[in-house]
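Close look at the chain arrangement
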Amino acid sequence: MARRLFPGAWLRKPHYAQVRFSYMRMKYLFISWLVVFVGSWVTYVQYSTYTELCRGHDCRKIICDKYKTGVIDGSACSSLCAKETLYFGKCLSTKPNNQMYLGIWGNLQGVIKCQMEEAAQLDLGIDPEPRKEIVLFDKPMRGTTVEKFKEMVYSLFKAKLGEQGNLSELVNLILSFADGNKDGRVSLPEAKSAWALLQLDEFLLMVILQDKEHTPKLMGFCGNLYVTERVEYTSLYGISLPWVIELFIPSGFRRSMDQWFTPSWPRKAKIAIGLLEFVEDIFHGPYGNFLMCDTSARNLGYNDKYDLKMIDMRKIVPEMNLKEIIKDRQCESDLDCIYGTDCRTLCDQSKMRCTTEVIQPNLAKACQLLKDYLLRGAPSDIHEELEKQLYLCIALKVTANQMEMEHSLILNNLKTLLWKKISHTNDS
């Protein structure tokens, strides 16, 4: 009866189902297309970022071309360019002109660092190392004697470090390192490599601190490429996440999350003591004071014994060098007087020039980095005293009266407090 009254009614349901099926199919096709599009875009961006940051092939080609034409030489040149026993592994670069890779040299593991581009002038807040004449390797020139080369190196050290310590002894140390094949003399190609490396503050600091526990050992060099020992853990704390995920994580939550991925507290205390010892090493050492201008967890690491090792020291610069660079910097506010990320001076409003005294000492910056790291999970019996000492440390100012005395007192108090707590454990 219903079909006779409404002859088209029985056809409407199949027609509706067909339309709905078409809609669902279009919806899934659109979602699939969107997923493919976003995936392709992410892949492209990741690949573009990788190819821009990771230029190990270009670095090797530049170095080996110079080596094969006799312009440069060094202890790593033959392995890199002739025997091919020095390999580039995982890329760790964060800037295109500062190439950093995990590497394998025969049976040894290391980190390969290579400077890609010439920088004629230092820009504050961008990169603290002037690197003139690195790519061209045009100094010393043909006909330069060893004595003349020693004078060049001495003058460079005097400009960077001032009349600090025994500069002649440091010059001899450099010449000993520059003798890559250990034949008792420094050839012109070896001298060109050494001169290029000496423009890098990190390399100079590594030579000065080679006998210190927290500095990775230099394994070899070729041109402005050098190889250091590998460090097992390449960040003080945290976990590495894909950048797409990083976009959706609030910074506050990210900082808290980083603290979840840390060693046990006694091991953290041992690592922290290592950082305090490193600060001590570069504070008014035999060759003056060095300033930490990027105190970041990603620049610190540790080995399997939980001994601190510096991963990246490119932004640790001689105090005298920094003062020379920043003294003529024009400014309108204190924000114009920032060097790297952590070295801050004041703006003299009457002269519209940056002053030369860095406000915060290295120890205060190290304590700021260690505060959450050490207080999280700290034993209850020392938590209050540890917090007190850390805040006293963070409050240190270079301009304060008796700063050096306070610096030594707070540093020793922190080290003693931590050592007493972990000295009876296996982690010490």
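Above this text you will find the structure in question.
We now turn to the structure provided with this report.

For the rest of this paragraph, the subject is the overall build of the protein chain. Of regular secondary structure, the protein chain possesses 15 helices and 13 strands. Per-residue burial for the protein chain yields a buried fraction of 44% across its 428 residues. Within the protein chain, contacts between residues at least 6 apart in sequence are counted, and of these 64% link residues at least 24 apart. Only carbon and sulfur atoms are counted for the fraction: they give 55% of the accessible area of the protein chain, which is about 23,000 Å².

Where a protein is soluble and globular, its nonpolar side chains tend to be buried together. Formed by 74 residues in total, the largest nonpolar core has its most connected members in Phe157 and Leu386. In terms of residue count, the dominant contributor to this core is helix α11 (residues 265-282) (10 residues). Setting aside anything within four residues of it in sequence, one finds phenylalanine 157 in contact with Gly162, Leu167, Leu170, Val171, Ile174, Leu198 and Leu204. Ranked by size, the runner-up nonpolar core spans 21 residues in total, among them Ile63, Cys81, Tyr101 and Ala196.

This part is about the state of the cysteines. One pass over the structure, following the stated rule, counts 8 disulfides. The disulfide partner of cysteine 293 is cysteine 343, and the S-S distance across this bridge is 2.0 Å. Disulfide cysteine 293-cysteine 343: torsion about the S-S bond near -90 degrees, hence left-handed. Remark: cysteine 343 occurs in strand β11 (residues 343-344) and cysteine 293 occurs in the loop between β6 (290-292) and β7 (300-302); sequence separation between them is 50 residues. An identical accessibility class is assigned to cysteine 293 and cysteine 343; each is buried.

Right, let's get into the packing of aromatic side chains. Aromatic ring pairs: the centre-centre distance and the angle between the two ring planes describe each pair. Enumeration according to the criterion identifies 6 aromatic pairs in this entry. For the pair phenylalanine 88 and tyrosine 101, a centre-to-centre distance of 5.1 Å together with 85 degrees between the ring planes defines the contact as edge-to-face. With phenylalanine 88 in strand β1 (residues 86-91) and tyrosine 101 in strand β2 (residues 98-105), the pair connects residues that are 13 residues apart, well separated along the chain. Owing to a relative accessible area of 5%, tyrosine 101 belongs among the buried residues under this scheme. A ring pair is formed by phenylalanine 203 and tyrosine 226, whose centres lie 5.7 Å apart and whose planes are at 70 degrees; its orientation type is edge-to-face. Pair noted here: phenylalanine 203 is in helix α8 (residues 201-208) and tyrosine 226 is in strand β5 (residues 225-229), with a separation of 23 residues, a long-range link. You'll find phenylalanine 203 and tyrosine 226 in the same group, each marked buried. Across from the ring centre of tyrosine 373, 5.4 Å away, lies the NZ or CZ of lysine 268, which sits over that ring.

Calculation notes
Residues numbered from 1 in each chain as written. Predicted model: local features only at pLDDT ≥ 70, side-chain atom pairs only at ≥ 80, totals over all residues. Heavy atoms only, no water. Helix = DSSP H or I, 4+ residues; strand = E, 2+ residues; numbered from the N terminus. Buried < 20%, exposed > 50% of the residue type's maximum accessible area, 1.4 Å probe, protein only. Contact = heavy atoms within 4.5 Å. Areas by Shrake-Rupley, 256 points an atom, 1.4 Å probe, with all protein chains shown as cover. Core = buried A, V, L, I, M, F, W, Y, C linked by side-chain atoms within 4.5 Å. Disulfide = S-S within 2.5 Å. Phe/Tyr/Trp six-rings, centres within 6.5 Å; stacked < 30°, edge-to-face > 60°. Lys NZ or Arg CZ within 6 Å of the ring centre and 35° of its normal.

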